Amino acid sequence: MKLIKPSEISASILTLLDESDERVIIVSPYMKILKWYKFINKVNGLKARKIITEIYVRDDHENKETYHDLDRLALEYKKIPHLHCKLYMNERYG
């Protein structure tokens, strides 16, 4: 596991998606991704490569934007009450 500097988070997430062969796990309370086109392209690539993608977000009535974005992208996700952490990992590293 590696802690990432805030300025490197986006690039590290995209690299993690590129380097995934089997599974990706994304844990984030909130996700504003509808305009993050590089992320959307990478996630669509995961679908095409049949990479298992698990997404966990906070179960919160104020989190409707996250649910909307994920639903529009046809990404399955699980809601976790009181979720606060962020974690991005594949079968090799997190």
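Above: the structure in question.
Computed from a predicted model, the values in this text were never measured in an experiment.

Thresholds, definitions, all that
Residues numbered from 1 in each chain as written. Predicted model: local features only at pLDDT ≥ 70, side-chain atom pairs only at ≥ 80, totals over all residues. Heavy atoms only, no water. Pairing = 2+ DSSP bridges. Helix = DSSP H or I, 4+ residues; strand = E, 2+ residues; numbered from the N terminus. Axes fitted to C-alpha atoms, helices over the stretch in contact; angles between N-to-C directions. Contact = heavy atoms within 4.5 Å. Buried < 20%, exposed > 50% of the residue type's maximum accessible area, 1.4 Å probe, protein only.

Peer 1: Give me the lowdown on the sheet that holds strand S2 (residues 52-58), citing residues and values where you can.
Peer 2: If you walk across this open sheet you meet the 4 strands as S3-S2-S1-S4, and the pairing is mixed. Taken across any chain shown, the strands that pair with only one partner, and hence form the sheet edges, are strand S3 (78-80) and strand S4 (87-90). The average undirected angle you get between the axes of adjacent strands in this sheet is 15°. The sheet contact formed by S2 and S3 spans 3 bridges and is parallel. Residue pairing in the sheet places Tyr-56 in a bridge with Lys-78 of S3. In this fold helix H3 (residues 64-72) packs onto S2 and S3, with an angle of close to 160° to the strand it touches most, S2.

Peer 1: Please provide a residue-by-residue account of the environment of Ile-52, values included.
Peer 2: Tracing the backbone shows Ile-52 in strand S2. Ile-52 sits in the partly exposed class, given a relative accessible area of 44%. Sequence separation between Ile-52 and Ser-20 is 32 residues; the distance between their C-alpha atoms is 9.4 Å. With residues up to four places along the chain from it excluded, the contact list for Ile-52 reads Glu-22, Arg-23 and Val-24.

Purely geometric stuff here, so don't read any function into it on its own.
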